[in-house]
Amino acid sequence: MDDLQQRIIDIALQIPGYLGYEAKERRRDMDKHTRLQLAAKYDAENTHLARISRNAPMHYATALENLDQKLERLLARFRTAPRGYAGWFDSAQIVEEDLDALTQFDAALAGGVAQLKSAIDTIGAAMKTKQSVEDAINAAAETLDTLNTQY
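The sections below set out a description of the structure shown in this document. A quick note: this is a predicted structure, and the numbers were derived from the prediction, not measured.

This part is about the overall build of the protein chain. The number of helices and strands found in the protein chain is 5 helices and 0 strands. Written out in order from the N terminus, the α and β elements of the protein chain read α-α-α-α-α. Here the protein chain holds 151 residues, and 32% of them are scored as buried. Pairs at least 24 residues apart make up 82% of the contacts formed inside the protein chain by residues separated by at least 6 positions.

The next thing to look at is the environment of Ala-39. As for its position among the elements, Ala-39 is in helix H2 (residues 18–55). Here the alpha-carbon distance between Ala-39 and Arg-77, two residues 38 residues apart in the chain, equals 8.8 Å. What Ala-39 contacts, discounting residues up to four positions off in sequence, is Leu-75, Phe-78 and Arg-79.

Among the secondary structure elements, Asn-148 is positioned in helix H5 (residues 133–150). In contact with Asn-148, not counting residues within four places along its chain, are Lys-70, Arg-73, Leu-74 and Arg-77.

Looking now at the pattern of salt bridges. Per the counting criterion, the structure on display carries 2 salt bridges. The residue Asp-121 makes a salt bridge to Lys-117 at a minimum N-O spacing of 3.1 Å. Taken together, the residues Asp-121 and Lys-117, both in helix H4 (residues 96–129) and 4 residues apart, mark about one turn of the helix.

Helix length check: helix H3 (residues 61–79), at 19 residues, gives a terminal C-alpha distance of 26 Å against a target of 27 Å (1.5 Å per residue), a fit within 8%. When we look at burial in H3, the residues that qualify are Leu-64, Leu-67, Lys-70, Leu-71, Leu-74, Leu-75 and Phe-78. Burial along H3 is one-sided: seen end-on, the buried residues are contained in an arc of 140°.

The rules behind these values
Residues numbered from 1 in each chain as written. Predicted model: local features only at pLDDT ≥ 70, side-chain atom pairs only at ≥ 80, totals over all residues. Heavy atoms only, no water. Helix = DSSP H or I, 4+ residues; strand = E, 2+ residues; numbered from the N terminus. Buried < 20%, exposed > 50% of the residue type's maximum accessible area, 1.4 Å probe, protein only. Contact = heavy atoms within 4.5 Å. Salt bridge = Lys/Arg side-chain N within 4 Å of Asp/Glu carboxyl O. Expected span 1.5 Å × (residues − 1). Arc of directions from axis to C-beta.

Here it is in C-alpha cells:
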C-alpha cells in the first residue's frame, strides 16, 4: 500500500500547480480549524453569561437575553464561515495574500475573547454588588456589537 501511495504522490507532483493548490488547501483547513477554536472560546463565554443570567434578577432578563442573542449570532458566523475555497479551474482564484489576510483577521477576532470575558466578568461583579449593572450590560452589548460589526 505504501508503494501505491508513493506512486500517487509522484503522479500528483507532475501536475503543474498541484503543490501550490495543496498548500492553499492546507491553509484553508487551518483557517477553518482556527475559526472553530475561536467559536469554542466564545462559546465558553456564552456559558459564563448563561450562568450569570440564571442567577440574575428578573428585571435584567431582557437585557441579558439580548446579549445572549448577539453572542449566538457571532458564534453562528464562526461556525458557518466559508473556507475560502476556489476550485482548480475556477475563474476567481484565492491567492495566498487573501489567505494571509484571513489569518490576520482571525487573530484580531481572537483578541475579542479577552474583551468579552472582561465585560462578562464585570456584569457578574456588578450583579454581586448590585451596582452599575445596567452600565456593565451596556458595555458588554457594545463589545458584542463591535465584534459582530468587525466580523
